[in-house]
Each structure stands twice: as structure tokens, then as C-alpha cells.
Amino acid sequence: MTGGAGYIGAHVVKSLLENDFKVVVVDDLSTGLERKIPEQAIFEKQNISDTKKLAEIMKKHNVTGVVHLAAKKAVGESMTNPSLYYQENIGGIISLLEAMNQANVKKIVYSSSAAVYGDPVEEKVHENSQTHPQSPYGETKLVGEWLLKADEKARDIEWIALRYFNVVGAALPELGDTGVNNLVPMIFRALDNKQRPQVFGDKYSTTDGSCIRDYIHVSDLAHAHVLAAQKLITEKYCGIINVGTGQGFSVKQVMNTVSKVIGKDVNFEISQPRPGDPAQTVADVKKAASDLKWQATNDLESMVTSAWQAWQKMPPANN
Ligand code: UD1
């Protein structure tokens, strides 16, 4: 498991352990936190760019499959520093696939992203929808999928790429998102700073004019990784699977849900649209239901409630 000390990674580790997997966490702690790694997991502090070390770790612990989350994930930063993203994310997965080859490990679950779709033309995007990533971040996630397909042919690997939609919430307050890059934490930060949360544009062609996204609880997303790993153990499979709820919510609806959860009107204001934001990105989740027997169980209110509890317990340090 790479990236197991990060926000989503720590949730995946927790779910894997709860489902009786033996977990070795490889994380360089560049953004992850060691306190998030449970005692039952073995921890190897290691950057994934060192192929030799990775192969040694896999052999030492008799690793039979990899869940790969270690990557850089801030879309804005990827626009200003694209080579960092190409280096870390594509260099990272190349190194990992090479190490897997050296250690004869053939199965991998990969963290991909709805960012590969870009500005979708369909109301709901399915796994065969066209991919037009709008950022270097999204491009690196797509290239990662291509590398998996290539290694399926070249080295017989089996893989599942999970395309995450908009991840929110926490399974436990101490596992909250410590970055403030996304809508829900940005609302919380504005409130902490006694500022009005911003709706980036309300002239989109959506029901209330603000952007629509498919928000998914991090615990549901984590469980999808367990099912994906189990599938690769029990059958031969290679493919891409969307992980969302299949239901879209507008930014204004999210604001109103936050108001309800915190028991106070957040008093949002409308500001300029953010360049590059698609009006609507919602997942078609039929494949997750048919191939993984997975569906989301948490609604938006439970995502926001758990995120709020985590924020109150541990707001990010540089708030
Ligand atoms: C983007 C990526 C996604 C990535 C995520 C991580 C795309 C298409 N998607 O999602 O893959 O995982 O970033 O950073 O590139 N908004 C406001 N006010 C705010 C903050 C956000 O109105 O203060 C709006 C945005 O305009 C957007 C929605 O809220 O419509 C969600 O934004 P955000 O949480 O940043 O995620 P995405 O941009 O959808």
C-alpha cells in the first residue's frame, strides 16, 4: 500500500485491516502523517522513486498485491509546477511497476481520478467516456492508467483503476483531511476566519447556476478498494471503475448542507468562476455496482457531518 499515511490512504489502510488484509504501508511522509498509520500495519518510510528499495520491501514482506495511492494531488499546483507532477506521479508509478516486476507482484489497485474526464459532454460520465484532462494532475492520472494497460500486455499484470470523484468526510475525527484544497474544507476555513464562503460562479447551465459534483464519502471510497483488491485475488480482471454516488449536488446545495450541519447559516457569497471548472461532473456508477458489487452508503449530510467533526477536532495547522 503506497501513500497509506495520507487522507484517503489512511482510510484505505483501515478498511483493508478490518477486512483481514495484512498491510505494509510505504509512505515517505512528505504530506502524510505517521500518526495515521495503525499499529497493525507494517510501516516502511520510503519514497516510491527508489525502485530497488521498493522491490526489496515487496520481497521482504512477501507482498502479493499493491494498492497505489502515493501521488501529488493538488490541481492548482499542477498547473504552476507541471513537471513536478509528471516526475512524481508518472515517475512514481513507473518505478512501482518496475519494482513489482522485479518482485514478481502481478496485481495492483490504482488511484485514478474523475479529473481524467475534464469538461464532460454527458450528464453522467461512464468509464468509456472521452478523456480530456484539463490539468497536468489529471493528465498524470490518465497516463498512469495507460501504463497499467501497457503492463497488462507486456508483463501480464492485473489491475483496477478507481476513478475517484469528489471525496469528503472522515471515518474518525482524527482521520480528517488535513489539506485545504477542496470545497468542504474551504468552507470550514472561511468560517474559522470569519469570512464568507465563496461560490465560484452561479451562471453555469445547471439548475441553480452553481457547479455540480458527485461527492463521495471517504469511507465508501475506501471500501471500494477492499472490494477491488478482493476481486483481483479471486478472479482475473483488468479495468477502470468510477467511484462516486451517481448523484450530483450543486455548490449551493453543499453550502446549505453545511449550514444545516453546523446549525448556522454559512452566509455564502457568489464570486468569480474558477477557470477550468466544468459545470457538471457526475459519475455513472453502473460498473461499480456490477463488477465490484459496490455502492455508496453515505449521503451528503453524513459526509459533511463527519468532515465537520474532524475539522473541529483537528483543524489544519496553517488554517
Ligand atoms: C478537482 C479535481 C479532482 C481532484 C480535486 C482535488 C477536476 C475536474 N477535478 O475537483 O479530480 O480530486 O480537485 O483537489 O480537475 N468551489 C467553490 N468554492 C470554493 C471551492 C470550490 O465554489 O471555495 C467549487 C468549485 O468551483 C467546484 C466545486 O466547488 O465546482 C468542487 O471544487 P473542488 O473541491 O476544488 O473539486 P473539483 O475542482 O471538482
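Placed above this text is the structure.
It should be emphasised that the depicted structure is a prediction, and the values quoted were computed from it without experimental measurement. (Residues numbered from 1 in each chain as written. Predicted model: local features only at pLDDT ≥ 70, side-chain atom pairs only at ≥ 80, totals over all residues. Heavy atoms only, no water.)

Caption draft 1: How the structure looks around the nonpolar core. Of all hydrophobic cores here, the largest spans 42 residues; its most connected members are Met1, Ile8, Leu162 and Leu292. For this core, the secondary-structure elements that each account for two or more residues are helix 1 (7-18), strand 5 (158-164), helix 7 (218-234), strand 10 (238-243) and helix 9 (286-292). Top element by residues in this core is helix 7. It accounts for nine residues. Excluding residues within four positions of it along the chain, Leu162 makes contact with Val109, Tyr110, Ser111, Ser112, Ser113, Ala224, His225, Ile241, Val243 and Leu292. Listed in part, the 25 residues of the second largest apolar core include Phe188, Phe249, Val266 and Leu300. (Core = buried A, V, L, I, M, F, W, Y, C linked by side-chain atoms within 4.5 Å. Buried < 20%, exposed > 50% of the residue type's maximum accessible area, 1.4 Å probe, protein only. Helix = DSSP H or I, 4+ residues; strand = E, 2+ residues; numbered from the N terminus. Contact = heavy atoms within 4.5 Å.)

Caption draft 2: Molecular detail of the site of the ligand. Of all residues adjacent to the ligand, which total 19 residues, the nearest are Ser113, Gln198, Phe200, Arg213 and Asp277. Contacts to the ligand include Asn182, whose side-chain N or O atom sits 3.0 Å from an oxygen atom. A distance of 2.5 Å separates an oxygen atom of the ligand from a polar atom in the side chain of Asp277. Out of a free accessible area of 750 Å², the ligand has 89% covered by protein chains. Put simply, the parts of the chain that give the shell around the ligand at least two residues each are helix 6 (183-192) and strand 7 (198-200). Top contributing element to the shell around the ligand by residue count: strand 7, with three residues. Among the residues making up the shell around the ligand, the classes are represented as 10 nonpolar, five polar and four charged. (Near = heavy atom within 4 Å. Polar contact = N/O pair within 3.5 Å; in protein donor to acceptor, adjacent residues only side chain to side chain. Areas by Shrake-Rupley, 256 points an atom, 1.4 Å probe, with all protein chains shown as cover. Nonpolar A, V, L, I, M, F, W, Y, C, P; charged D, E, K, R; others polar.)

Caption draft 3: Structural detail: the packing of helix 1 against helix 7. Relative orientation of the contacting elements helix 1 and helix 7 amounts to 55°, with a least axis distance of 8 Å. Regarding the angle of helix 1 to helix 7, the classification is oblique. Like other packed secondary-structure pairs, helix 1 and helix 7 cross with a definite hand, here right-handed. Contact residues: helix 1 offers Tyr7, Ile8, His11, Val12, Ser15 and Leu16, while helix 7 offers Val218, Ser219, Leu221, Ala222, His223, His225, Val226 and Ala229. Residues of the contact of helix 1 with helix 7, tallied by class, amount to nine nonpolar, five polar and no charged. (Axes fitted to C-alpha atoms, helices over the stretch in contact; angles between N-to-C directions. Parallel < 35°, antiparallel > 145°, perpendicular 65-115°, else oblique. Left-handed = near helix turned anticlockwise from the far one by under 90°.)

Caption draft 4: Inspection of the sheet that holds strand 5 at higher detail. Read across the sheet, four strands follow the order 3-4-5-10 without closing on themselves; strand pairing throughout is parallel. The open sheet has two free edges, formed respectively by strand 3 (66-68) and strand 10, since each of these has just one partner strand. On average, each strand axis in the sheet is tilted by 15° relative to the strand beside it, whichever way the strands run. Across the face of the sheet, helix 5 (residues 136-155) comes into contact with strand 4 (107-113), strand 5 and strand 10 while running at roughly 155° to strand 4. (Pairing = 2+ DSSP bridges.)

Caption draft 5: Representation of the layout of surface pockets within the structure. What the second largest pocket holds in volume is close to 480 Å³. Every residue lining the second largest pocket is counted, 26 residues in all, and those nearest its centre are Lys22, Val63, Thr64, Gly65 and Val66. For the lining of the second largest pocket, the elements supplying multiple residues, two or more each, are strand 1 (24-27), helix 2 (51-60), strand 3, strand 4 and helix 7. Split into classes, the residues belonging to the lining of the second largest pocket amount to 18 nonpolar, five polar and three charged. (1 Å grid on protein atoms, 1.4 Å probe; cavity = no way out; pocket = protein on both sides within 12 Å on 5 of 7 lines; lining within 4 Å. Points joined across faces, edges and corners; volume = space filled by probe spheres on them.)

Caption draft 6: The pattern of salt bridges, seen in detail. Evaluated as defined, the whole model comprises 17 salt bridges. For the salt bridge of Lys53 with Asp50, the shortest nitrogen-to-oxygen distance reads 3.8 Å. Among the salt bridges present, the one from Glu301 reaches Lys260, with a minimum N-O distance of 2.8 Å. One end of the pair, Glu301, is in helix 10 (residues 300-313); the other, Lys260, is in helix 8 (residues 251-262), with 41 residues separating them in the sequence. The structure contains a network of salt bridges with shared partners spanning Glu98, Asp151 and Arg155. (Salt bridge = Lys/Arg side-chain N within 4 Å of Asp/Glu carboxyl O.)

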